Amino acid sequence: MDTMQVNKVFAALLVSGITFFVAGRVGVILVPHAEEGKAHIKIEMPVAAGAAAPAPEQPFEVLLASASADAGKADFAAAGCVACHSVGEGGKAGVGPNLYGVMGAVQGGRPGFAYSAALSGKGGKWDFAELNKWLIKPAAYAPGTKMSYAGMPDAKKRAELVAYINTLEASPVAIPAAAAVPVAAAAAGGAPSGEPIGVMLAKADAAAGQKSTMTLGCIACHSFGDGGKNGLGPNLYGVVGRPQASHEGYAYSAALKGKGGEWTYDQLNTWLTKPAAYAPGTKMSYAGIADANVRANVIAYLRTLAAEPKPLP
Ligand code: HEC
Ligand code: HEC
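This one's a predicted model, so the numbers in the text were calculated from it and none came from an experiment.

Cut-offs applied
Residues numbered from 1 in each chain as written. Chains lettered and ligands numbered in written order. Predicted model: local features only at pLDDT ≥ 70, side-chain atom pairs only at ≥ 80, totals over all residues. Heavy atoms only, no water. Helix = DSSP H or I, 4+ residues; strand = E, 2+ residues; numbered from the N terminus. Donors = N, O, S within 2.8 Å, 3.2 Å for Na, K, Ca; no water. Tetrahedral: all angles 85-135°; square planar, octahedral: opposite > 155°, others 65-115°. Buried < 20%, exposed > 50% of the residue type's maximum accessible area, 1.4 Å probe, protein only. Near = heavy atom within 4 Å. Polar contact = N/O pair within 3.5 Å; in protein donor to acceptor, adjacent residues only side chain to side chain. Expected span 1.5 Å × (residues − 1). Contact = heavy atoms within 4.5 Å. Nonpolar A, V, L, I, M, F, W, Y, C, P; charged D, E, K, R; others polar.

Draft legend 1. Geometry of unusual backbone geometry. At A245, a residue that is not glycine, the phi angle is positive and equals roughly 55°. Its place among the elements puts A245 in the loop between α9 (206-215) and α10 (254-257).

Draft legend 2. Region of interest: the coordination of the iron atom of ligand 1. Those donors, H85 (NE2) and M147 (SD), are the protein atoms that reach the iron atom of ligand 1, and they lie 1.9 to 2.1 Å from it. Geometry at the iron atom of ligand 1 is octahedral, judged from its six donor atoms and the angles of 83 to 179° they form at the metal. With H85 in the loop between α3 (69-78) and α4 (117-120) and M147 in the loop between α6 (138-141) and α7 (155-166), the pair connects residues that are 62 residues apart, well separated along the chain. With relative accessibility at 21%, the residue M147 sits in the partly exposed group.

Draft legend 3. Up close: the site of ligand 2. Near ligand 2 you find 27 residues, and of these C218, C221, H222, S253 and M284 are the closest. Between an oxygen atom of ligand 2 and a main-chain N or O atom of A245, the distance comes to 2.9 Å. Interatomic distance of 3.0 Å between a backbone N/O atom of K283 and an oxygen atom of ligand 2. For the shell around ligand 2, the element with the most residues is helix α11 (residues 265-273), which contributes three residues.

Draft legend 4. Examining α7 more closely. Over its 12 residues, α7 extends 17 Å from the first C-alpha to the last, a length consistent with the 16 Å expected when each residue adds 1.5 Å. When you tally the buried positions in α7, you get 10 out of 12 residues, the bulk of the element. Within α7, burial applies to A155, R158, A159, E160, L161, V162, A163, Y164, I165 and N166. Those residues of α7 that are buried are in contact with α2 (60-65), α3, α5 (128-136) and α9. One side-chain oxygen at the N-terminal end of α7 lies 2.9 Å from the backbone nitrogen of K156; it belongs to D154.

Draft legend 5. Fine view of the coordination of the iron atom of ligand 2. Listed as protein donors to the iron atom of ligand 2 are H222 (NE2) and M284 (SD); their distances from the metal cover 2.0 to 2.1 Å. Classification of H222 as buried rests on a relative accessible area of 12%.

Draft legend 6. Looking closely at the site of ligand 1. If you check the shell around ligand 1, you find 30 residues, and the closest are C81, C84, H85, S116 and M147. One of the backbone N or O atoms of G108 is found 2.8 Å from an oxygen atom in ligand 1. At a separation of 2.5 Å, an oxygen atom of ligand 1 approaches a polar side-chain atom of Y115. When residues of the shell around ligand 1 are traced back to their parent elements, those giving at least two are α5 and α7. A per-class count over the shell around ligand 1 returns 20 nonpolar, eight polar and two charged.

Given below as structure tokens:
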């Protein structure tokens, strides 16, 4: 074979390769429209990515204030949202509704789309915070939703996605400036900041703590109900007062198993300040909750996860 022929063979291979690839893409784009409103494509986020799991360090407001809408546009494609949603003005509904103008609109209220009762029954409006909660885990936000999407565990990407969704408007709402938030006061050591946990718990708000488990991303890795499944992290029902690293059927790190103590309020407070300082080598890829009030609220919520909550200290 002379060089000319070799080149031709290569060219032929290349062309057939490209055709194959293009056909594949076209198939992916066409399938969602075959039967509107029914999920043909299930996209699960790699929630079980282990050590690669993101560690949400900063509150959503702070991440949002510096989030890039352009990065969000790229995330929207990379995370697979484009498979189900159009974004242009007057764009057609696919498996999911068109998202132009969704910010500020009634939840589940786009005309011409058959929403689940789970979402249309919410009756609220989409704002920055609600979109963030929705995208953490749609099925937790609106149980029974038709959006077959596991959720976006990466807090930074969620902020970018929300910033991008905000641009899908004739006149986007201004992104609220983040209040100065004390970032990682305890970042250097493992010592909890704030007053003793007993004092903090006395004024803590368990309902606010439950909300924080969503906004801080705990729910991406943990279930909280009685008999709930283990995910990336163990189920947390009854965690207050139970021996550390003892939930059935969960493979803990030696770092946490080796502690051998009980989850007292104090231990939980130190753990949640900075898991990696409390149990160096732990599998929980989470930077920690820097704000002592938020920690106390979360612990107050964990306390409620029991048939008979342990007495406050
Ligand atoms: C497998 C298809 C699918 C994927 C992937 C998907 N969605 Fe959805 N989405 C839906 C469906 C279906 C609904 C309607 C849910 C319902 O009625 O319960 C929806 C609803 C929504 C809504 C609420 C719209 C409204 O009018 O209230 C937003 C916002 C949204 N999706 C954003 C996203 C983003 C951002 C991503 C990517 C991170 C994404 N979706 C990925 C199918 C999908
Ligand atoms: C990226 C996933 C991830 C996130 C996010 C996460 N955790 Fe964890 N969590 C884990 C893993 C994994 C373990 C087991 C740690 C080990 O074995 O070292 C764990 C363990 C725990 C334990 C000890 C459970 C036991 O049975 O001993 C508690 C309590 C806990 N997490 C609470 C929280 C709270 C509260 C949040 C949110 C502020 C949170 N976690 C966020 C993955 C996560």
